[in-house]
Amino acid sequence: MLSLLLAFFIWLIYNLSGEYSAFLEYDLVARSDIRGHSDRPVSSATLIIRGKTNGFNIIRRRLYKSVPIEIEVSPSLWKQSADDDELYYLTEDAMRELMPSVGLSNVELEYFVTSRLEFRFPKEEYKKVPVIPNAMVTCRPQYMQVGEVVVEPDSVLVYGTSQQLSAIEYVNTEAIYAEDIMANKEGVSSLMSPRGLRLSDKMVHYIINVSRYVELREEVDLTVKNLPAGENSILLPSRSTIVYRVPFPSHSIGESDFSAGIDYNDMSRMSGFEMPVRLFSAPDGILSYRFEPPVVDFIEHE
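What you see is a predicted model, and the numbers here were worked out from it, not measured in a lab.

*Asks:* I would appreciate a short explanation of the overall build of the protein chain in the present structure.
*Replies:* Counting secondary structure elements, the protein chain contains five helices and 23 strands. Compactness check: the protein chain gives a C-alpha radius of gyration of 34 Å against a globular reference of 19 Å for 302 residues, more than 25% above the reference. Taken along its principal axes, the extent of the C-alpha atoms in the protein chain is 115 × 45 × 30 Å. For the protein chain, buried positions account for 34% of its 302 residues. The contacts of the protein chain with a sequence gap of at least 6 include a subset with a gap of at least 24, amounting to 72%. Summed over all atoms, the accessible surface of the protein chain reaches about 18,000 Å², with 52% contributed by carbon and sulfur. Within the protein chain, the 43 negative side-chain charges are centred at a point lying 10 Å from the centre of the 29 positive side-chain charges.

*Asks:* Quick question: what am I supposed to make of the nonpolar core here?
*Replies:* General note: in soluble globular proteins, nonpolar side chains tend to be found buried as a group. Grouped together as the largest cluster of nonpolar side chains are 29 residues, with contacts concentrated most on Tyr26, Leu28, Leu47, Ile49, Trp78, Leu90 and Phe119. Breaking this core down by element, the ones donating at least two residues are β1 (19-31), β2 (45-54), β3 (69-72), β5 (87-90), α3 (92-97), α4 (99-102), β6 (108-112) and β7 (117-120). Looking at which element gives the most residues to this core, the answer is β1, with five residues. Residues within four places of Trp78 in sequence aside, it is in contact with Ala30, Ser32, Ile34, Val73, Tyr88, Tyr89, Leu90, Phe119 and Phe121. Within the second largest apolar cluster, 20 residues are counted, among which are Val131, Ile168, Val171 and Val210.

*Asks:* Would you explain the pattern of salt bridges in this entry?
*Replies:* Two side chains that carry opposite charge are able to pair once their charged atoms sit near each other. Counted according to the given criterion, the structure contains 20 salt bridges. Put simply, Arg198 and Asp33 hold a salt bridge, and the shortest N to O gap is 3.5 Å. Separated by 165 residues along the polypeptide, Arg198 in strand β14 (residues 198-199) and Asp33 in the loop between β1 and β2 bring together distant segments of the chain. Classification of Arg198 by relative accessible area gives buried; the value is 16%.

Conventions adopted
- Residues numbered from 1 in each chain as written.
- Predicted model: local features only at pLDDT ≥ 70, side-chain atom pairs only at ≥ 80, totals over all residues.
- Heavy atoms only, no water.
- Helix = DSSP H or I, 4+ residues; strand = E, 2+ residues; numbered from the N terminus.
- Rg over C-alpha atoms; globule rule 2.2 N^0.38 Å.
- Buried < 20%, exposed > 50% of the residue type's maximum accessible area, 1.4 Å probe, protein only.
- Contact = heavy atoms within 4.5 Å.
- Areas by Shrake-Rupley, 256 points an atom, 1.4 Å probe, with all protein chains shown as cover.
- Lys, Arg positive; Asp, Glu negative; His and termini not counted.
- Charge placed at Lys NZ, Arg CZ, Asp CG, Glu CD.
- Core = buried A, V, L, I, M, F, W, Y, C linked by side-chain atoms within 4.5 Å.
- Salt bridge = Lys/Arg side-chain N within 4 Å of Asp/Glu carboxyl O.

Structure (structure tokens):
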């Protein structure tokens, strides 16, 4: 009796190991980020193919054909129905590209019985908002961050109800830590999704630009910009020192390369006669600057 059972199992394994042509059925649930639509369809779709595989795979597919398989579909693979803007479908070319996601990498496809797969993605309200990097950056001595942290994408779509979206103006990244750096730093960061809302992207790529610098200073004469015709003025003091940083090694820059002073139009925004010193023009390559003193007294007379 034992020998008969052993012989049966050997025969079964031998036969199931062989290649057979069969109809295979898959219940698919798609997920996709289609602009202005839900990321999940309201129903599944059935894919039927004729393919060649071993007996084990055929039996496994028969047992689990009603178990849905979730597939991630790139928005570029979809075709939109001409009559229904919520109905999207996949052609045979798109289905071929998705075969590994369905688990068909071990199946030799003979032909598709299902000529196209259709899914209905309901419309959803959305709002485009900027991504604000939440970065804590420190540099080594004589190095500095240049510009803001750059993120890509720099904006995302937020999906939700009108009431929810009205309260969202931006989306933050998770905390980005860059300590004691002396070169550009890049990486990826997760986005902080507002509760109950969905984002079109979950991650962003960021770049922190860093430069070695030299700090220099020049004393410059101050002028008054936008002074009304016929008016005269006195600035006390009439000169200010601009302290600026340029990339190392530095190139020759002199006093005549800078133009600075006060803008008469600032007077309407100031409470007194102290006016901020502004930089009107400067050579290319200035990383940062400040004035000493940063404000001067403005005296207007006829």
